[in-house]
Amino acid sequence: MIKRFNILILIFFIFVMALYFYQFIMIYLFEGIYHFFNIRNNDPLVMTSSNLVYNFIAEILLLILVLFLLKKFNYTKYIKTSFKSIIKTFLFMALSLTFTKYILDIFKIYNIFLLTDFKNIIASWNKVDYIVAISQMILFILVALTEEYLYRITLYFKISEILNLKSNILKIVFSIILTNILFSIAHYPIRHYNISTLFEIFITGIYFSYLFLRTGNIYLACMMHFYYDLPILSTIDIRYHHYREIISLIISIMLIESYYMVKHYYLRLFSRYEQS
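Residues numbered from 1 in each chain as written. Predicted model: local features only at pLDDT ≥ 70, side-chain atom pairs only at ≥ 80, totals over all residues. Heavy atoms only, no water.

**Looking at the UniProt feature "transmembrane region" (unreviewed entry) in the protein chain**
Here is step 1 of the chain: In this structure's numbering, the residues bearing the UniProt feature "transmembrane region" (unreviewed entry) are residues 7-30, 52-70, 90-110, 130-151, 172-190, 202-222 and 243-262.
Here is step 2 of the chain: Strand forms 0% of residues 130-151 and helix 100%; the C-alpha atoms that close the span are 31 Å apart.
Here is step 3 of the chain: Measuring from the first to the last C-alpha atom of residues 243-262 gives 28 Å, for a span that is 100% helix and 0% strand. (UniProt positions renumbered as here; feature names shortened; annotations may be inferred. Helix = DSSP H or I, 4+ residues; strand = E, 2+ residues; numbered from the N terminus.)

**Focus: helix H3 (residues 83-106)**
Here is step 1 of the chain: Over its 24 residues, H3 runs 35 Å from end to end, which matches the ideal 34 Å to within 8%, given 1.5 Å per residue.
Here is step 2 of the chain: Just beyond H3, the residue with positive phi is Lys-108, at close to 55 degrees. (Expected span 1.5 Å × (residues − 1).)

**Side note on unusual backbone geometry**
Here is step 1 of the chain: Despite not being glycine, Asn-74 shows a phi value in the positive range, around 60 degrees.
Here is step 2 of the chain: Considering the arrangement of structural elements, one finds Asn-74 in the loop between helix H2 (44-72) and H3.

**A word on the packing of aromatic side chains**
Centre distance and the angle of the planes are the two values used to describe a pair of aromatic rings.
Here is step 1 of the chain: Scanning the entire structure with this criterion turns up 14 aromatic pairs.
Here is step 2 of the chain: Ring centres of Tyr-75 and Tyr-78 lie 6.0 Å apart, and the angle between their planes is 50 degrees; on these two criteria the pair is classed as tilted.
Here is step 3 of the chain: Overall, Tyr-75 belongs to the buried group, its relative accessible area being 1%.
Here is step 4 of the chain: Relative to Tyr-228, the ring of Phe-208 lies with its centre 5.9 Å away and its plane at 50 degrees, an arrangement referred to as tilted. Placement of Phe-208 in helix H7 (residues 195-215) and of Tyr-228 in helix H8 (residues 218-229) is noted, with a sequence separation of 20 residues between them.
Here is step 5 of the chain: Classification of Tyr-228 as buried rests on a relative accessible area of 4%. (Phe/Tyr/Trp six-rings, centres within 6.5 Å; stacked < 30°, edge-to-face > 60°. Buried < 20%, exposed > 50% of the residue type's maximum accessible area, 1.4 Å probe, protein only.)

**Observations concerning a nonpolar patch on the surface**
Here is step 1 of the chain: A cluster of nonpolar side chains, namely Ile-169, Val-173, Ile-177, Ile-181 and Ile-185, defines an oily patch on the protein surface of about 390 Å² accessible area.
Here is step 2 of the chain: You can see Val-173 is positioned in helix H6 (residues 168-191). (Patch = residues over 30% accessible without salt bridge, like charges linked within 9 Å, V, L, I, M, F, W, Y side chains within 5 Å. Areas by Shrake-Rupley, 256 points an atom, 1.4 Å probe, with all protein chains shown as cover. Salt bridge = Lys/Arg side-chain N within 4 Å of Asp/Glu carboxyl O.)

**Topic: the confidence of the model for the protein chain**
Here is step 1 of the chain: Model confidence for the protein chain is summarised by a mean pLDDT of 77, while 69% of its residues fall at 70 or above.
Here is step 2 of the chain: Residue range residues 39-47 is modelled with pLDDT below 50. Its contacts to residues more than four positions away, or to other chains, number 11 contacts. (pLDDT = per-residue confidence, 0-100. Contact = heavy atoms within 4.5 Å.)

**A closer look at the packing of H7 against H8**
In a pair of packed helices, the angle between the axes and the distance between the axes together describe the arrangement.
Here is step 1 of the chain: At their nearest, the axes of H7 and H8 sit 7 Å apart, and the two run at 155 degrees to each other. Put simply, H7 runs roughly antiparallel to H8. Where H7 crosses over H8, the two elements pack in a sense that is right-handed. Across the interface between the two elements, Thr-204, Tyr-207, Phe-208, Leu-211, Phe-212 and Thr-215 of H7 pack against Ile-218, Leu-220, Ala-221, Met-224, His-225 and Tyr-228 of H8. (Axes fitted to C-alpha atoms, helices over the stretch in contact; angles between N-to-C directions. Parallel < 35°, antiparallel > 145°, perpendicular 65-115°, else oblique. Left-handed = near helix turned anticlockwise from the far one by under 90°.)

**Let's talk about the side chain of Ser-96**
Here is step 1 of the chain: Structurally, Ser-96 can be placed in helix H3.
Here is step 2 of the chain: Setting aside chain neighbours within four positions, we find Ser-96 in contact with Met-224, Ser-248, Ile-251, Ser-252 and Leu-255.

**Regarding the nonpolar core**
Here is step 1 of the chain: With 41 residues, the main nonpolar core has Tyr-149, Ile-153, Tyr-207, Leu-211, Ile-218 and Met-224 as its most contacted residues.
Here is step 2 of the chain: Of all the elements in the fold, those that place two or more residues in this core are H2, H3, helix H5 (127-162), H6, H7, H8 and helix H9 (242-275).
Here is step 3 of the chain: No other element matches the 11 residues that H5 contributes to this core.
Here is step 4 of the chain: Once residues within four sequence positions are removed from consideration, Tyr-149 is found in contact with Leu-63, Val-66, Leu-67, Leu-70, Ile-79, Thr-154, Ile-218 and Tyr-219. (Core = buried A, V, L, I, M, F, W, Y, C linked by side-chain atoms within 4.5 Å.)

**Topic: the pattern of salt bridges**
Here is step 1 of the chain: All chains considered together, the criterion is met by 3 salt bridges.
Here is step 2 of the chain: Here Arg-152 ties to Glu-148 by a salt bridge, and the two come within 2.9 Å at their closest N and O atoms. Separated by 4 residues within a single helix, Arg-152 and Glu-148 lie in helix H5, roughly one turn from each other.
Here is step 3 of the chain: The exposure class of Glu-148 is buried, given its relative accessible area of 0%.
Here is step 4 of the chain: Ionic pairing is found between Glu-161 and Lys-158, a salt bridge with its closest N-O pair at 3.3 Å. Taken as a pair, Glu-161 and Lys-158 lie in helix H5 at a separation of 3 residues, close to a single helical turn.
Here is step 5 of the chain: Judged by its relative accessible area of 44%, Glu-161 falls in the partly exposed class.

**Some points on a positive patch on the surface**
Here is step 1 of the chain: A cluster of basic side chains, namely Lys-80, Lys-84, Lys-88 and Lys-263, defines a positive patch on the protein surface.
Here is step 2 of the chain: Note on placement: Lys-88 falls in helix H3. (Lys, Arg positive; Asp, Glu negative; His and termini not counted. Charge placed at Lys NZ, Arg CZ, Asp CG, Glu CD.)

**Quick word on H8**
In an α-helix, one turn spans 3.6 residues; hence positions three or four apart end up facing the same way.
Here is step 1 of the chain: Counted at 1.5 Å a residue, the expected span for H8 with its 12 residues is 16 Å, and the 17 Å between its end C-alpha atoms agrees.
Here is step 2 of the chain: Within H8, 10 of the 12 residues are buried, leaving the element largely enclosed by the surrounding structure.
Here is step 3 of the chain: For H8, the full list of buried residues reads Ile-218, Leu-220, Ala-221, Cys-222, Met-224, His-225, Phe-226, Tyr-227, Tyr-228 and Asp-229.
Here is step 4 of the chain: Regarding H8, its N-cap is Asn-217, as a side-chain oxygen of that residue lies 3.0 Å from the backbone nitrogen of Tyr-219 further along. (Polar contact = N/O pair within 3.5 Å; in protein donor to acceptor, adjacent residues only side chain to side chain.)

Have a look at this one:
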């Protein structure tokens, strides 16, 4: 078991280092293109567009690789693509955002990233800002899909298979913890986060794992991952608001648990009705 686990860790680190080596090469490639065409590489638009180009290429390659791994390990069975699961995802997102906004309004916490306040930001955007923002949002969708497929499905189930534990609960707990340690470590080279921020990413990763494992719907985790990434938009020059994340996390857990409680009692009442 230890040997198989060490091999998995080694493959993961090679995977991550290859990604950042690729980005390093792409930066110098764009530097060469700027020099050849005499383009000022300190132009914000040029810097944003070049970042978007190699980030798009990187994410598409990663998504292809992750889809290959899902198919190779026969993990595609964990991905629900039914119309019902998609409706549940959008309904969950709508309810979560709505309740989050009302809680923030009640406690008078200013939340710039909810839809009603977002209009105040985009009012000052020009055409370039719109193009960059839309491109980045598409990129965030790719990031959410890639990372959730990789961490919440591929790595989680592979670690779960490797761990030789008699207790199923311990196996789930350790698989979630190890998966999200890798999830946190993988984010460090991107932004050079400090320990406290990495711990926040770790907790957020556990929350995404909860969403998937509790509901069996990976797209719930993808949607919330996308929502949490939105403040990274380069067109928004406002610091990150953690209140939104904390409250939406608590509310979404309450929504899911309330749904399962109602479902449980409804099924019990229905079975009693049939027996009578």
